[in-house]
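Understanding the architecture of this molecule
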Amino acid sequence: MKKTDESLESSLFEKRKKLFPREVHGLFATLRLTGVGILLGLYYLIPWINLNNRQIILFDLPARKFYIFDWIFWPQDFIYLALLLICAALALFLFTALAGRLWCGYACPQTVWTEVFLWIERKVEGTRSQQIKLEKQAMTFQKFRVKATKHTLWVIFSLITGFTFVGYFTPIRELLSNISHFQLSASESFWLIFYAFATYGNAGWLREQVCMYMCPYARFQSAMFDQDTLVISYDEARGEPRGKRKKTNDIDAKQLGSCVDCTLCVQVCPTGIDIRNGLQYECIGCAACIDACDDVMLKMDYPKGLIKYTTENRLEGKTTHLLRPRIVIYCILLVSILAGVIYSIQNRDSVALNILRDRSSLYRENFDGTISNSYTIKVLNMDLVDHSYKLSVSGIDGIKSSISKDIKVKAGDVLEIPMSLSAEPESLKQPSTVINLSIQATDDNSIYTKSEGRFIGPLEF
Amino acid sequence: MNLSKKRVIIGALWPSFWVAIMLSGVVFSYIDPLIISDILGFPGISYIGAYTFGFFFFWLVCAWSGFFSIIFSRPARK
């Protein structure tokens, strides 16, 4: 961290200088583009993939059910989602401790979408120097046309992104047909436009400012760093003193280091920093400068790696340790929580039974002298197949239920049925008796659950 | 009062946005939003509509708190 809080504070008030990151090719650019391709491919395709006649990932808010592959999450399973998020955070800590800002450089949605926006920008406005030239020009019809084309393409791409986002919450095929018939609900349209606007604003306009001023992770990631964390660093000992030269010139004679001061590393940087000034909090670890510098080193016939992934220990000539206490702790925590979550998800009860007493009357005396109570029972089939359940009641001698048939509940459905229980007054020992209800699937002995209720009788005996 | 736009947006609106998402998740997992909207007198609202209103309500409340945090984090005499 080179900048102090004060200079950060003042930079908040500085007018932002627009950056024009230069296109870069090389090993890490290829890796990043592969990451972009895979992640965006998954994002845009997943809602279209169906499994058992429904989307493989669908957060069905109206039905209050989340479908993730074969799993159905009910509201009472919220704890699993919370634990999965904790796992994601731990994984992020682990990767940060190992390899620095791997997430930022290759996988963060901000990086991934900005990459696509930059690509569109380059296709429309041309190379970095053409973009800078265009920016300096006064507004002409030609400039307006180019800018308008770029923004139109950005907006179209953002709208597709917003549409896909809503497609995770509303079945996407239905959504598409609703759009084509102009029958989108107000909330669906709102979220589509909201997400599209966020994409357009963040990836088109804000870009590196999101990482510098808005991202909480950027502020605390340095806490996970240590001397053995992989960082992108300029080899100052080898590079300095920097200076321009012709290829044929003898370095030793000119007393120059390897850095030819071409400033390409600065030009390709998406956050506009100079990596040669040391590790800075703005660096998102995208390795664009490594690719750019290696290219130059190759042309100059110098060894690669003037800017490279390295660790502070290695820079100081010490050895780098992969296994450190913090790595071991993160791994143990991550593996144990993940294993616990998966185990308990796999072993969830696949049926739930709720019993609600009818509040309008305490009890009823029937003409045959028995006492009866009314209830509503809810049976949730949380399994992936339909089941029939047998209901049994106990707690009072000779208690009878109005439900004699098996209860059929479709997969992933909730069935509410009225039920009345009746008992002989002689078998009631007190005004209010605890009764036990249980249901058992007729086709699978392991699917079983029970619930407690109360049976109210006359106050006097 | 000299509050820059960036300060308010990043200090109040932005963190509260995330907290509102988390709150919506936790609260609506346990409470059916339609029950609340019935009590408040908006029967017939759709689920996504109810979630949307809930989310904005949480966002507003949290942003309110963030806004006051910004105000009180500066010295009174200035």
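The notes below deal with the structure included here. (Residues numbered from 1 in each chain as written. Chains lettered and ligands numbered in written order. Predicted model: local features only at pLDDT ≥ 70, side-chain atom pairs only at ≥ 80, totals over all residues. Heavy atoms only, no water.)

1. Details of the interface of chain B and chain A
Going by this rule: Contacts are residue-level and defined by heavy atoms, with any inter-residue pair within 4.5 Å sufficient. Accessible area, probed at 1.4 Å, shrinks when two parts are joined; the buried area is that loss added up over both. Salt bridges, as used here, are contacts in which a Lys or Arg side-chain nitrogen is within 4 Å of a carboxyl oxygen on Asp or Glu. In protein, a polar contact requires one atom able to donate a hydrogen and another able to accept it; more generally it is a pair of N or O atoms within 3.5 Å, and residues adjacent in sequence count only if both atoms are side-chain atoms. Helix and strand labels come from DSSP, where a helix needs a run of H or I of at least four residues and a strand needs a run of E of at least two; each type is numbered from the N terminus.
In this complex, chain B contributes 23 residues to the contact, which on the side of chain A involves 18 residues. Taking both partners together, chain B and chain A bury about 1800 Å²; carbon and sulfur atoms supply 66% of that area. Per-residue buried area on chain B facing chain A is highest for Lys6, Trp14 and Ile48 of chain B; these three make up 30% of the total on that side. On inspection of chain B and its partner chain A, the count reaches zero salt bridges. On inspection of chain B and its partner chain A, the count reaches seven residue pairs in polar contact (both at pLDDT 80 or more). Elements that contribute at least two residues to the side of chain B that touches chain A include exactly helix 1 (5-30) and helix 3 (47-72) of chain B. Element by element, the count of residues in the side of chain B that touches chain A is highest for helix 1 of chain B, at 10 residues.

2. Observations regarding the pattern of salt bridges
Residue and element names in this part refer to chain A. To keep it simple, the criterion reads: Summary of the burial criterion: residues with accessible area below 20% of their type's maximum are buried, those above 50% are exposed, and those between are partly exposed, where the area comes from a 1.4 Å probe applied to protein chains only.
According to the stated counting rule, one finds 16 salt bridges over all chains in the structure shown. With its nearest N and O atoms 2.7 Å apart, the salt bridge here joins Arg348 to Asp77. With Arg348 in the loop between helix 17 (325-346) and strand 8 (351-357) and Asp77 in the loop between strand 5 (71-73) and helix 3 (78-99), this pair connects stretches of sequence that are 271 residues apart. For the pair formed by Arg348 and Asp77, the shared burial category is buried. Between Glu240 and Arg242 there is a salt bridge, with its nearest N and O atoms 3.1 Å apart. Among the charged side chains, a network of salt bridges with common partners joins Lys18, Glu121, Glu125, Glu135, Lys147, Lys150 and Arg207.

3. Details of the packing of aromatic side chains
Residue and element names in this part refer to chain A. The cut-off we apply is this: Here the aromatic set is Phe, Tyr and Trp, taking the six-membered ring for Trp, and pairing holds for ring centres within 6.5 Å; pairs whose planes are under 30 degrees apart are stacked, those over 60 apart are edge-to-face, and all others are tilted.
Tallied over the entire structure, the rule returns 42 aromatic pairs over all chains. Summarising the aromatic geometry, the rings of Phe93 and Tyr330 are spaced 6.0 Å apart at their centres and angled 55° between planes, so their arrangement reads as tilted. With Phe93 in helix 3 and Tyr330 in helix 17, this residue pair connects regions lying 237 residues apart in the sequence. Classification of Phe93 by relative accessible area gives partly exposed; the value is 24%.

4. A short note on the sheet that holds strand 11 (residues 387-394) of chain A
Residue and element names in this part refer to chain A. Operational definition: Strands are labelled as partners when DSSP assigns at least two bridges between them. Axes, fitted as lines to C-alpha atoms, cover a helix only where it is in contact. Angles between the N-to-C directions of the axes lie from 0 to 180 degrees.
A sheet is described by the order of its strands in space; here four strands give the open sequence 13-11-15-16, paired in antiparallel fashion. Looking at strand neighbours, the two that pair on one side only are strand 13 (407-409) and strand 16 (448-456), the edges of this open sheet. The mean angle between the axes of side-by-side strands here comes to 30°, regardless of whether they run parallel or antiparallel. Relative to strand 13, strand 11 runs antiparallel, the two sharing three bridges.

5. Here's the deal with the sheet that holds strand 3 (residues 57-60) of chain A
Residues and elements named next belong to chain A. If you trace the three strands from one edge of the open sheet to the other, you get 3-4-5, paired in antiparallel fashion. The sheet is open, and its two edges are formed by strand 3 and strand 5, each paired on a single side. Taken over all neighbouring pairs, the strand axes of this sheet differ in orientation by 15° on average, direction set aside. Here strand 4 (residues 65-68) pairs with strand 5 via three bridges, running antiparallel. Residue pairing for strand 5: Phe66 is matched across the bridge by Phe73.

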